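Here are the chains, one letter per residue:
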Amino acid sequence: MTVDTHELETKVQQMYREVALHPDAGFHFELGRALAESVGYDPARLDLVPAEAVESFAGVGHFFDLAAPQPGETLLDLGSGSGMDVFYAATLVGATGHVIGVDFTPEQLAKARRLGGPAGATVEFREGRLDRLPVEDATADCVISNGVINLCPDKAVVFAEAARVLRPGGRLALADIVTDVPLAEGIVCNADLWAACIGGAAQVDDYVAAIEKAGLVVELMRRNRYAFLSAGAQGAATTYGVKSVSLLARKPAWS
């Protein structure tokens, strides 16, 4: 049995609509600048990012040291939300670079587009799904994502799409929720737990295998300091080893 994908998409959009519009409301996960700094974002660079984007940050880790964006590069953010990682990346690739965010929640897209990002940066936000990216083949130097792919029912397709849009030698750098052992069926079939970043968490070996099946080579994975707030999520973390990891993979240069 699997989760009802229509119900899941509805619940995910409902939750992240609230993250965009009411970041001070209570969630099972942390939000905002304190979270960003705790997982490793540079406070001085966060000062360059619109504060309203930072307040809706709902990531689960930090990966920019792994991504190592360079001036002039093109980056693509899968599930860009209110734009914090897009704007943060824009400060690294500079005026000659280009950062694209893809999201399917209208309120998140509207907020990110309104904020605009750092002065001189070339950023854009496209409405779309991660399993059908609105991006041309082999156009990104680096694909990033933060706490989003666990929400996708077919992760193999998402990773295949990431590989498709990467240039040969390009990088995939992400943070996401995974598990040590497979989740029970009752959790996997619960759309509420999926939207809460629990029910869709893949077993870590299966997660890595899906990346490698897409033709990418995993070079590094590390565990992040990240904790859920709700008792239910904390219980799942204990029982199933639910955790946040950051990961770097690369598309072979001869692809």
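Procedures and definitions
Residues numbered from 1 in each chain as written. Predicted model: local features only at pLDDT ≥ 70, side-chain atom pairs only at ≥ 80, totals over all residues. Heavy atoms only, no water. Core = buried A, V, L, I, M, F, W, Y, C linked by side-chain atoms within 4.5 Å. Buried < 20%, exposed > 50% of the residue type's maximum accessible area, 1.4 Å probe, protein only. Contact = heavy atoms within 4.5 Å. Helix = DSSP H or I, 4+ residues; strand = E, 2+ residues; numbered from the N terminus. Polar contact = N/O pair within 3.5 Å; in protein donor to acceptor, adjacent residues only side chain to side chain.

Comments concerning the nonpolar core
Consideration 1: In this structure, Tyr 16, Phe 29, Tyr 41, Met 84 and Ile 144 are the most contacted members of the largest nonpolar core, which totals 50 residues.
Consideration 2: Those residues in contact with Met 84 that lie beyond four places of it in its chain are Ala 36, Tyr 41, Leu 46, Val 49, Ala 53, Val 54 and Phe 57.
Consideration 3: If you look at the next biggest cluster of nonpolar residues, it comprises 31 residues, including Ala 140, Val 158, Leu 166 and Val 245.

Focus on the environment of Ser 246
Consideration 1: Inspection of the secondary structure assignment puts Ser 246 in strand E8 (residues 243–250).
Consideration 2: Under the relative-accessibility criterion, Ser 246 is labelled buried at 0%.
Consideration 3: Measuring from C-alpha to C-alpha, the distance between Ser 246 and Phe 64 comes to 9.7 Å, with 182 residues separating the pair along the chain.
Consideration 4: In contact with Ser 246, not counting residues within four places along its chain, are Gly 61, His 62, Phe 63, Leu 66, Leu 174, Ala 175, Leu 220, Met 221, Arg 222 and Asn 224.
Consideration 5: In this structure the side chain of Ser 246 is engaged in a polar contact, spanning 3.0 Å, whose partner is the side chain of Asn 224.

Overview of helix H6 (residues 84–93)
Owing to its 3.6 residues per turn, the α-helix aligns residues three or four sequence positions apart on the same side.
Consideration 1: Within H6, 8 of the 10 residues are buried, leaving the element largely enclosed by the surrounding structure.
Consideration 2: By the burial criterion, the buried members of H6 are Met 84, Asp 85, Val 86, Phe 87, Tyr 88, Ala 89, Ala 90 and Val 93.
Consideration 3: Two residues or fewer after H6 comes Gly 94, characterised by a positive phi angle close to 75 degrees.

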